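Observations on chain architecture
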Amino acid sequence: MRERRAFYVVFAIAAALVVPAAIALRAVIHPVVLQTTSDNPTPLGYTWSLLLFIIPIAVLGWWFACRPDLQFPRKAFWRTIAVLTPLGFLLDLLFGNTFFIFQNKAATLGCDIPALGGAIPIEEFIFYLTGFMLVLLSYNLVR
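Here is a short report on the structure shown in this document. (Residues numbered from 1 in each chain as written. Predicted model: local features only at pLDDT ≥ 70, side-chain atom pairs only at ≥ 80, totals over all residues. Heavy atoms only, no water.)

Notes on the overall build of the protein chain
Counting its regular elements, the protein chain contains five helices and two strands. Mapped in sequence order, the helices and strands of the protein chain form the string α-α-α-α-β-β-α. Since a compact globule built from 143 residues should have a radius of gyration of about 15 Å, the 19 Å found for the protein chain marks it as more spread out than a globular shape. Once the C-alpha set of the protein chain is aligned to its principal axes, its extents read approximately 50 × 45 × 25 Å. Per-residue burial for the protein chain yields a buried fraction of 21% across its 143 residues. For the protein chain, long-range pairs separated by at least 24 residues make up 71% of all intrachain contacts whose partners lie at least 6 apart in sequence. Carbon and sulfur atoms form 72% of the exposed surface of the protein chain, whose accessible area is close to 10800 Å². The centroid of the 10 positive side-chain charges in the protein chain is displaced by 18 Å from the centroid of its 7 negative side-chain charges. (Helix = DSSP H or I, 4+ residues; strand = E, 2+ residues; numbered from the N terminus. Rg over C-alpha atoms; globule rule 2.2 N^0.38 Å. Buried < 20%, exposed > 50% of the residue type's maximum accessible area, 1.4 Å probe, protein only. Contact = heavy atoms within 4.5 Å. Areas by Shrake-Rupley, 256 points an atom, 1.4 Å probe, with all protein chains shown as cover. Lys, Arg positive; Asp, Glu negative; His and termini not counted. Charge placed at Lys NZ, Arg CZ, Asp CG, Glu CD.)

Some remarks on the nonpolar core
Core analysis: the biggest nonpolar cluster contains 10 residues, these being Ile57, Leu60, Phe64, Phe72, Phe77, Ile81, Met133, Leu134, Leu136 and Leu137. Elements that contribute at least two residues to this core include exactly helix H3 (51-66), helix H4 (74-99) and helix H5 (122-142). A per-element tally of this core places H5 first, with four residues. Beyond its immediate stretch of four places on either side in the chain, Leu137 contacts Ile57, Leu60, Gly61, Phe64, Phe72 and Phe77. (Core = buried A, V, L, I, M, F, W, Y, C linked by side-chain atoms within 4.5 Å.)

Observations regarding the packing of aromatic side chains
Scanning all chains against the criterion turns up 11 aromatic pairs. Ring centres 5.5 Å apart and planes at 50° place the aromatic pair Phe72 and Phe77 in the tilted group. Taking the relative accessible area as the measure of exposure, Phe72 reaches 14% and is therefore buried. Pairing Phe89 with Phe125 gives two aromatic rings, centres 5.2 Å apart and planes at 80°, and the pair type is edge-to-face. Taken together, the residues Phe89 in helix H4 and Phe125 in helix H5 connect sequence positions 36 residues apart. An aromatic cluster is built from Trp63, Phe64, Phe72, Phe77 and Trp78, whose rings are joined through pairwise contacts. (Phe/Tyr/Trp six-rings, centres within 6.5 Å; stacked < 30°, edge-to-face > 60°.)

Details of unusual backbone geometry
Positive phi is not limited to glycine here, since Leu44 has a value of about 55°. Checked against the element boundaries, Leu44 lands in the loop between helix H1 (2-26) and helix H2 (45-49).

Some details on H4
Because each turn of an α-helix spans 3.6 residues, side chains separated by three or four positions end up pointing in the same direction. Along H4, the largest kink reaches about 50° and is centred on Leu93. Residues of H4 that are buried include every one of Phe77, Ile81, Thr85, Gly88, Asp92 and Gly96, and no others. (Bend = angle between axes of the 7 residues up to and from the residue.)

Section: a nonpolar patch on the surface
There is a patch of nonpolar side chains on the surface, built from Val83, Leu87, Leu90, Leu91, Leu94, Phe95, Phe99, Phe100 and Leu116 and spanning about 890 Å² of accessible area. Along the polypeptide, Leu87 turns up in helix H4. (Patch = residues over 30% accessible without salt bridge, like charges linked within 9 Å, V, L, I, M, F, W, Y side chains within 5 Å. Salt bridge = Lys/Arg side-chain N within 4 Å of Asp/Glu carboxyl O.)

Here's the deal with the environment of Phe77
Tracing the sequence through the fold places Phe77 in helix H4. Spatially, the C-alpha atom of Phe77 lies 15 Å from that of Tyr128, the residues being 51 residues apart in sequence. Sequence-distant contacts of Phe77, that is, excluding residues within four places in its chain, are made with Phe72, Met133, Leu136 and Leu137.

Examining the side chain of Glu123
Tracing the chain through its elements places Glu123 in helix H5. No salt bridge is formed by the buried Glu123, whose closest oppositely charged neighbour, Lys105, lies at an N-O distance of 9.1 Å. Residues contacting Glu123, with those up to four places away along its chain left out, are Tyr46, Thr47, Leu50, Thr108 and Leu109.

Structure (structure tokens):
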């Protein structure tokens, strides 16, 4: 029963985000063409966007630390991070430039990692690490 309730909570949260977004997008009658007015419309935009992962990780980490009654599998968490993160890095190094274009260098810190097809911003690698961490912490939240 508790597992079913947890599923419904996650489903309700997702619906609370998806339904209004769908309604808003369906209300667009005459879409416009985006024209940038600056060579750097998002200074450090990619770097700042990583806070979408980092802040929830900090909050969930703090929450788990303050709740000793919850069983958080720390060993399994770090082992999974130790396996998935290097795999994500490898995929990015091999295929990152095949799927992504990093045109606005000013949206990043400017610290690039050499990869197949050209350099990739370090933010891509932070994205993989924090993305995996957030997914695993979120999974443990509803489990």
